[in-house]
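As a plain string of letters, each chain reads:
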Amino acid sequence: MTGATGNVGRHVVDLLLAAGVRPRALTRTPDLALLPEDAEVMGGDLERPGSVTAALDGISTVFLNLSALGRTTAGFLTAAREQGVRRIVMLSSSSVQNGLGADEQPSMLASWHRAGEDLVEESGLEWTILRPGEFNANALWTWGEQLRATGTVRAAYGEAATAPIHEKDIAAVGVQGLLTDDHIGARYILTGPESLTQYDKVRLLAQATGLPFRFEEVSPEVAREDYLTRGMPAQAVGSMQTHFDAAVDGILRYLARSVGHPAEVTTAVPDVTGRPALTFAAWAAEHADAFRA
């Protein structure tokens, strides 16, 4: 497991344990992982492929969550292959456009993930690729501070529609790819069960918390400045800031294109897991305290 302490990875760990499988979780900071006791936690850094060799010993399948703008993927796959790994389940992004190479993708995020997918597909290992869209947890980053402080979301494109997905659903599909042979060579576009505007999501958060939250539409320029202020430390400079700026611009372009158009809803989650996809309302109820002052 890479990315084992992230929004998706923690659910993958829990679901594997529930299935009677003890996962090996790779993290740079084992002492801070706060994972279940039954998980095997090992230290390692994808930026240094040599540091993960021990963690790969005896492992046949890997859940791969890309990091560091894709710089680590090639080295990690080489180490995995040399250690006898036979299968990769990769967490990618629905921003990737089929039929376009990495350099032809519509955004920096899509290019990064397409390049990683190419490396996984060319590695000689079995693979399954997960392409989720917007995470429900994005609401914590984009709106949490505003709602706790003012009860109001100030953002652009209130009528933009997406089909946000519960991170547990991404994990559930990934676990099927790890534990069964039924999904080798599959690419799954993963969404939540319904198309929701930004107004809809704020309304559902208000219902979950019992608070009078509201959405106030602002210009894209104001929204962009707010994203940059909240998302990147003030001391960040150079390529880090450039990449983040590009990612924010990509988000705003995507939202602009989504105004007035229902979001695509796929059936991949129920098809693979055998149960309905979890709703944003259910996620909001689980995380209601995080949005209260």
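The shown structure was predicted, so the numbers you read here are calculated from the model rather than taken from an experiment.

Draft legend 1. Spotlight on the pattern of salt bridges. Tallied over the entire structure, the rule returns 17 salt bridges. Asp-45 is the salt-bridge partner of Arg-28, the closest N and O atoms lying 4.0 Å from each other. Within this pair, whereas Arg-28 is found in the loop between β1 (24–27) and β2 (40–43), its partner Asp-45 is found in the loop between β2 and α2 (53–56), the two being separated by 17 residues in sequence. Note on Arg-28: relative accessible area 62%, which makes it exposed. Two residues, Asp-181 and Arg-87, come together in a salt bridge whose shortest N-O distance is 2.4 Å.

Draft legend 2. Local environment of the layout of surface pockets. If you add up the space inside the second largest pocket, you get close to 340 Å³. In this structure, the second largest pocket is lined by 20 residues; those nearest its centre are Met-1, Arg-24, Ile-59, Thr-61 and Val-62. Listed by contribution, the elements that provide at least two residues to the lining of the second largest pocket are β1, α2, β3 (61–65) and α6 (167–179). Considering each element in turn, the lining of the second largest pocket owes the most residues, three residues, to β3. When the residues that make up the lining of the second largest pocket are grouped by side-chain class, the tally is 14 nonpolar, four polar and two charged.

Draft legend 3. Focus on unusual backbone geometry. For Leu-34, which is not glycine, the phi dihedral falls at a positive 55°. Within the element layout of this structure, Leu-34 appears in the loop between β1 and β2. When its relative accessible area of 74% is taken as the criterion, Leu-34 is described as exposed. Positive phi values are uncommon outside glycine, yet Tyr-157 reaches one of about 60°. Within the element layout of this structure, Tyr-157 appears in the loop between β6 (152–155) and β7 (161–162).

Draft legend 4. Representation of the nonpolar core. Ranked by size, the top nonpolar core spans 28 residues in total, and within it Val-8, Val-12, Phe-63, Leu-130, Ile-170, Tyr-188 and Leu-190 carry the most contacts. Of all the elements in the fold, those that place two or more residues in this core are α1 (9–18), β4 (87–91), α6, β8 (187–190) and α10 (268–273). Leave out the neighbours within four places in its chain, and Leu-130 touches Phe-63, Val-89, Met-90, Leu-91, Ser-92, Ser-93, Ile-170, Val-173, Gly-174, Tyr-188 and Leu-190. Leu-26, Val-62, Ile-88 and Leu-125 belong to the second largest nonpolar core, which has 20 residues in total.

Draft legend 5. Local environment of the packing of α1 against α6. Between α1 and α6, the least distance of the axes is 8 Å, while the angle of their chain directions is 50°. Considering their axes alone, α1 and α6 lie oblique with respect to each other. Seen from above, α1 lies across α6 with right-handed handedness. Residues His-11, Val-12, Leu-15 and Leu-16 of α1 pack against Glu-167, Lys-168, Ala-171, Ala-172, Val-175, Leu-178 and Leu-179 of α6. Class assignment for the residues of the contact of α1 with α6 results in eight nonpolar, one polar and two charged.

Draft legend 6. Empty space enclosed by the protein, seen in detail. Applying the stated rule across the entire model yields one cavity of 30 Å³ or more. There is about 50 Å³ of room inside the largest cavity. Taken together, the elements giving at least two residues each to the lining of the largest cavity come down to α5 (138–150), β6 and α8 (220–231). With four residues, the top contributor of residues to the lining of the largest cavity is α8. Broken down by class, the residue content of the lining of the largest cavity amounts to four nonpolar, two polar and three charged.

Draft legend 7. Quick peek at α1. For α1, every residue scored as buried is listed here: Gly-9, Val-12, Val-13 and Leu-16. On an axial view of α1, the arc spanned by its buried residues comes to 100°, and they lie on one face. On its buried side, α1 packs onto β3 and α6.

Draft legend 8. Region of the structure containing α6. In this model, α6 (13 residues) spans 18 Å end to end at C-alpha, consistent with the 18 Å of a helix rising 1.5 Å per residue. Counting buried positions along α6 yields ten of 13 residues, so the element is predominantly enclosed. Those residues of α6 lying buried are Glu-167, Asp-169, Ile-170, Ala-171, Ala-172, Val-173, Gly-174, Val-175, Gly-177 and Leu-178.

Draft legend 9. View of the sheet that holds β4. Spatially, β3-β4-β5-β8 is the arrangement adopted by the four strands of the open sheet, whose pairing is parallel. The open sheet is flanked by β3 and β8, the only strands paired with a single partner. Strand-to-strand, the axes of this sheet are offset by a mean angle of 15°, without reference to chain direction. Relative to strand β5 (residues 126–132), β4 runs parallel, the two sharing five bridges. Bridge pairing in β5 places Ile-88 opposite Trp-127. Packing against the sheet, α6 makes contact with β3, β4, β5 and β8, and its axis sits at approximately 165° to β4.

Each value, and the rule that gives it
Residues numbered from 1 in each chain as written. Predicted model: local features only at pLDDT ≥ 70, side-chain atom pairs only at ≥ 80, totals over all residues. Heavy atoms only, no water. Salt bridge = Lys/Arg side-chain N within 4 Å of Asp/Glu carboxyl O. Helix = DSSP H or I, 4+ residues; strand = E, 2+ residues; numbered from the N terminus. Buried < 20%, exposed > 50% of the residue type's maximum accessible area, 1.4 Å probe, protein only. 1 Å grid on protein atoms, 1.4 Å probe; cavity = no way out; pocket = protein on both sides within 12 Å on 5 of 7 lines; lining within 4 Å. Points joined across faces, edges and corners; volume = space filled by probe spheres on them. Nonpolar A, V, L, I, M, F, W, Y, C, P; charged D, E, K, R; others polar. Core = buried A, V, L, I, M, F, W, Y, C linked by side-chain atoms within 4.5 Å. Contact = heavy atoms within 4.5 Å. Axes fitted to C-alpha atoms, helices over the stretch in contact; angles between N-to-C directions. Parallel < 35°, antiparallel > 145°, perpendicular 65-115°, else oblique. Left-handed = near helix turned anticlockwise from the far one by under 90°. Arc of directions from axis to C-beta. Expected span 1.5 Å × (residues − 1). Pairing = 2+ DSSP bridges.

All we've got here are geometric facts, nothing functional implied.
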